[in-house]
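Residues per chain are reported as follows:
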Amino acid sequence: MSIFPKKQIQVGDLVIGTNRYGWDGKGAATLKRYFTEPSIVLEIKNQQALVYFEQTGPKWYDVTKLERVYVKEEFNE
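Residues numbered from 1 in each chain as written. Predicted model: local features only at pLDDT ≥ 70, side-chain atom pairs only at ≥ 80, totals over all residues. Heavy atoms only, no water.

To continue, consider the pairing of strand β2 (residues 19-23). Side chains on a regular strand alternate between the two faces of the sheet. When β2 meets strand β3 (residues 29-33), the two strands line up antiparallel, connected through 5 bridges. Along β3, the bridge assignment pairs Asn19 with Arg33. The turn joining β2 and β3, which pair antiparallel and follow one another in sequence, is formed by 5 residues; a positive phi near 90° is taken by Gly27. (Pairing = 2+ DSSP bridges. Helix = DSSP H or I, 4+ residues; strand = E, 2+ residues; numbered from the N terminus.)

The following block contains the structure:
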């Protein structure tokens, strides 16, 4: 728990998946994200967010499995 509350995810936000814990083939703990490509939230219904992926299309995720990100794009001419 943080003393700095996070703003709720809204339509139009860029998000990535939160970390999830698992096990590798050797019995060691691993930490992987649900997805790492910043993707846009198209719709939110009943704690479920429709996230659009550029190559595969939209997919529903629980909003607790998403984390807002900020993308900075630099242009070099």
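So, next bit.
We now examine unusual backbone geometry. Phi angles above zero are rare outside glycine, and Asn46 is one such case at about 50°. Residue position: Asn46 is located in the loop between β4 (39-45) and β5 (48-53). Positive phi, close to 65°, is recorded for Gln47, a residue that is not glycine.

One pass over the structure, following the stated rule, counts 3 salt bridges. Of the charged contacts in the structure, one is a salt bridge between Glu67 and Arg33, with a shortest N-O distance of 3.5 Å. Taken as a pair, Glu67 in strand β7 (residues 66-68) and Arg33 in strand β3 lie far apart in primary sequence, 34 residues in all. (Salt bridge = Lys/Arg side-chain N within 4 Å of Asp/Glu carboxyl O.)

Our focus in this paragraph is the side chain of Thr18. Structurally, Thr18 can be placed in the loop between β1 (14-17) and β2. Once you skip the residues sitting within four places of it in the chain, Thr18 turns out to touch Lys32, Arg33, Tyr34, Thr64, Lys65, Leu66 and Glu67. (Contact = heavy atoms within 4.5 Å.)

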